[in-house]
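Letter by letter, the chains look like this.
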Amino acid sequence: LKELSFEERGAYILMQRILPKSQAAILTRMGVPTVGECVSEFGFFACFVGDATTTHLSEHGGHLVRSKLEGVDEGGVAAGYAVISSPFLMK
């Protein structure tokens with residue numbers, strides 16, 4: 001980053017890493033359960049249709065939870081290290 005110009009550095013966002021608390025969970029992949037301490041992250045999706053002057057659609061498109069065993073730094077769902085689920089929200 002020290003070698004980049006002020007304008008080039010604007011393309012990067014530096015932030016503190018979030019360290020989530022783990023919780024006991026059962027992850028099921030291809031019908032095989034794995035029990036362990038896991039960390040999860042929420043993903044929120046949006047739908048946008050428009051151009052430089054008009055917005056035709058801009059709304060929440062959905063959400064999911066990605067979970068993997070604590071201490072796993074490898075890739076995600078496609079690589080086989082995480083599972084996806086849909087959250088069930090309760091009051």
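Scroll up a little and you will see the structure.
For the structure given in this document, a descriptive report is provided here. Note that the structure is a prediction, hence the values are computed from the model and not measured. (Residues numbered from 1 in each chain as written. Predicted model: local features only at pLDDT ≥ 70, side-chain atom pairs only at ≥ 80, totals over all residues. Heavy atoms only, no water.)

### Comments concerning the pairing of strand β1 (residues 23-29)
In regular strands, side chains alternate between the two faces of the sheet. Cut-off, in case you're wondering: Criterion used throughout: strands pair if DSSP finds at least two bridges between them. Think of it this way: any DSSP run of H or I at least four residues long counts as a helix, any run of E at least two long counts as a strand, and we number them from the N terminus.
As judged from the seven bridges shared by β1 and strand β2 (residues 32-50), these two strands associate in the antiparallel manner. Pairing of A25 across the sheet is with G36, part of β2. Between β1 and β2, which pair antiparallel one after the other, the connecting turn spans two residues, and M30 there sits at a positive phi close to 55°.

### Side note on the packing of aromatic side chains
Applied cut-off: When the centres of two rings from Phe, Tyr and Trp lie within 6.5 Å, Trp using its six-membered ring, the rings pair. Their planes under 30 degrees apart give stacked, over 60 give edge-to-face, and anything left gives tilted. For every residue, the accessible area (1.4 Å probe, protein chains only) is compared with the maximum for its type, and the residue is labelled buried under 20%, exposed over 50%, or partly exposed between those bounds.
Under the definition given, this model contains one aromatic pair. Geometrically, the ring pair formed by F42 and F44 is stacked, given 6.4 Å between the ring centres and 20° between the ring planes. Each member of the pair, F42 together with F44, is exposed.

### Quick notes on the sheet that holds strand β3 (residues 55-69)
Spelled out, the test is: Note on method: axes are straight lines fitted to C-alpha atoms, helices fitted across the in-contact stretch only, with angles between N-to-C directions ranging 0 to 180 degrees.
Taken together, four strands build an open sheet; the order of strands is β1-β2-β3-β4 and the sheet is antiparallel. Sheet topology places β1 and β4 (83-85) at the edges, where each strand pairs with a single neighbour. Averaged over neighbouring strand pairs, the angle between their axes works out to 45° when direction is ignored.

### Description of the environment of A25
Test applied: In what follows, a contact means two residues having at least one pair of non-hydrogen atoms within 4.5 Å.
Here A25 shows up in strand β1. Taking the C-alpha atoms as reference points, A25 and V35, separated by ten residues in sequence, lie 5.9 Å from one another. In this view, A25 contacts T34, V35, G36 and C38; residues no more than four positions away in its chain are not counted.

### Things to note about the layout of surface pockets
Selection rule: Cavity: a set of points on a 1 Å grid over the protein atoms alone where a 1.4 Å probe fits but cannot get out. Pocket: an open set with protein on both sides within 12 Å along at least five of seven lines, its lining residues, like those of a cavity, having an atom within 4 Å of a point. Grid points are joined across faces, edges and corners, and a volume is the space filled by probe spheres set on the points. Basically, the charged four are Asp, Glu, Lys and Arg, the nonpolar ten are Ala, Val, Leu, Ile, Met, Phe, Trp, Tyr, Cys and Pro, and anything else, Gly included, counts as polar.
Considered as a void within the structure, the largest pocket measures approximately 400 Å³ in volume. Lining the largest pocket we find 16 residues, and of these R17, I18, P20, V39 and E41 sit closest to its centre. When residues of the lining of the largest pocket are traced back to their parent elements, those giving at least two are β2 and β3. For the lining of the largest pocket, the per-class residue count stands at seven nonpolar, three polar and six charged.

### Regarding the pattern of salt bridges
Stated formally: Salt bridges are identified by distance alone: a Lys or Arg side-chain nitrogen within 4 Å of an Asp or Glu carboxyl oxygen.
Within this structure, the stated rule accounts for one salt bridge. Between E41 and R66 there is a salt bridge, with its nearest N and O atoms 2.9 Å apart. You can see E41 sitting in strand β2 and its partner R66 sitting in strand β3, a full 25 residues away along the chain. The partly exposed category is assigned to R66, whose relative accessible area is 25%.

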